[in-house]
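# Structural characterization, general
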Amino acid sequence: ENKDCLVQSSFIDDKNFKLGSWVGTQRLKKDKLEQGRRKRLNDLGFVWDPIEEQWQVAFASLSAYKTKNGDCLVQSGYKDTTGFSLGRWVAYQRRKRDELSSIKVKRLNDIGFVWKVR
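Rules used in this analysis
Residues numbered from 1 in each chain as written. Predicted model: local features only at pLDDT ≥ 70, side-chain atom pairs only at ≥ 80, totals over all residues. Heavy atoms only, no water. Helix = DSSP H or I, 4+ residues; strand = E, 2+ residues; numbered from the N terminus. Rg over C-alpha atoms; globule rule 2.2 N^0.38 Å. Buried < 20%, exposed > 50% of the residue type's maximum accessible area, 1.4 Å probe, protein only. Contact = heavy atoms within 4.5 Å. Areas by Shrake-Rupley, 256 points an atom, 1.4 Å probe, with all protein chains shown as cover. Lys, Arg positive; Asp, Glu negative; His and termini not counted. Charge placed at Lys NZ, Arg CZ, Asp CG, Glu CD. Phe/Tyr/Trp six-rings, centres within 6.5 Å; stacked < 30°, edge-to-face > 60°. Lys NZ or Arg CZ within 6 Å of the ring centre and 35° of its normal. pLDDT = per-residue confidence, 0-100. Salt bridge = Lys/Arg side-chain N within 4 Å of Asp/Glu carboxyl O.

## A few points about the overall build of the chain
Summing up its helical and strand segments, the chain has five helices and zero strands in all. What you see in the chain, going N to C, is helices and strands ordered as α-α-α-α-α. Computed over its C-alpha atoms, the radius of gyration of the chain comes to 18 Å, more than 25% above the 13 Å expected for a compact globule of 118 residues. Seen along its three principal axes, the alpha-carbon backbone of the chain occupies a region of about 50 × 30 × 25 Å. Every one of the 118 residues in the chain was classed for burial, and the buried ones make up 27%. In the chain, the share of contacts with a sequence separation of at least 24, taken over all contacts with a separation of at least 6, comes to 33%. Accessible surface for the chain amounts to roughly 9000 Å². Of this, 50% is attributable to carbon and sulfur atoms. With 24 positive and 15 negative side-chain charges, the chain shows a spacing of 4 Å between the two charge centroids.

## Focus on the packing of aromatic side chains
Remark: the centre distance and the inter-plane angle together describe each pair of aromatic rings, the angle taken between the planes. This model, assessed by the stated rule, comprises five aromatic pairs. Residues W55 and F59 carry aromatic rings whose centres are separated by 5.3 Å and whose planes lie at 10° to one another, so their mutual orientation is stacked. With W55 and F59 both in helix α3 (residues 50–69), this residue pair falls four residues apart, about one helical turn. Both residues of the pair, W55 and F59, belong to the buried class. Residue placement shows R97 over the ring face of W115; its charged tip is 4.3 Å from the ring centre. The ring of F59 is capped by R107, whose NZ or CZ atom sits 4.2 Å from the centre of that ring.

## As for the confidence of the model for the chain
Overall, the predicted model of the chain reaches an average pLDDT of 95, with 100% of residues at or above 70. Mean pLDDT in the chain bottoms out at helix α2 (residues 35–44), which sits at 95, and peaks at helix α5 (residues 102–110), which reaches 98.

## Quick word on the pattern of salt bridges
Applying the stated criterion across every chain, the model contains four salt bridges. Two residues, K39 and D43, come together in a salt bridge whose shortest N-O distance is 2.8 Å. Residue K39 and its partner D43 are both found in helix α2; the two are separated by four residues, about one turn of the helix. When sorted by exposure, K39 lands in the same class as D43, which is exposed. Close ionic contact of E52 with K104 constitutes a salt bridge, the shortest N to O distance being 3.0 Å. Here E52, found in helix α3, pairs with K104, found in helix α5; they are 52 residues apart in sequence, far enough to count as distant. On the accessibility criterion, K104 (16% relative accessible area) is buried.

What follows is the structure in structure tokens.
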């Protein structure tokens, strides 16, 4: 119905099933789940780490912006075609540089990310 497995933690379906809570439990018990259950969830496109997934989606948006515009100098108010606030995300990456993994910093550097704009 929603085309993804990014279920909000508070989501309750029309049959009063607490799907959001259930999804959270699956994520917490990932390493303890029976292999067949994990496979079925993976086959659905289950998102085990929604924060990482969101970073990857945002990075893809930045890569598309770079392809279209030739740089990573995203204006603060810029939103991509999906309505995602890419400008805010870029500013957040700059502020949190010291907290990003070395892999994320490298990926950003590899596409020409500009860390200081002033």
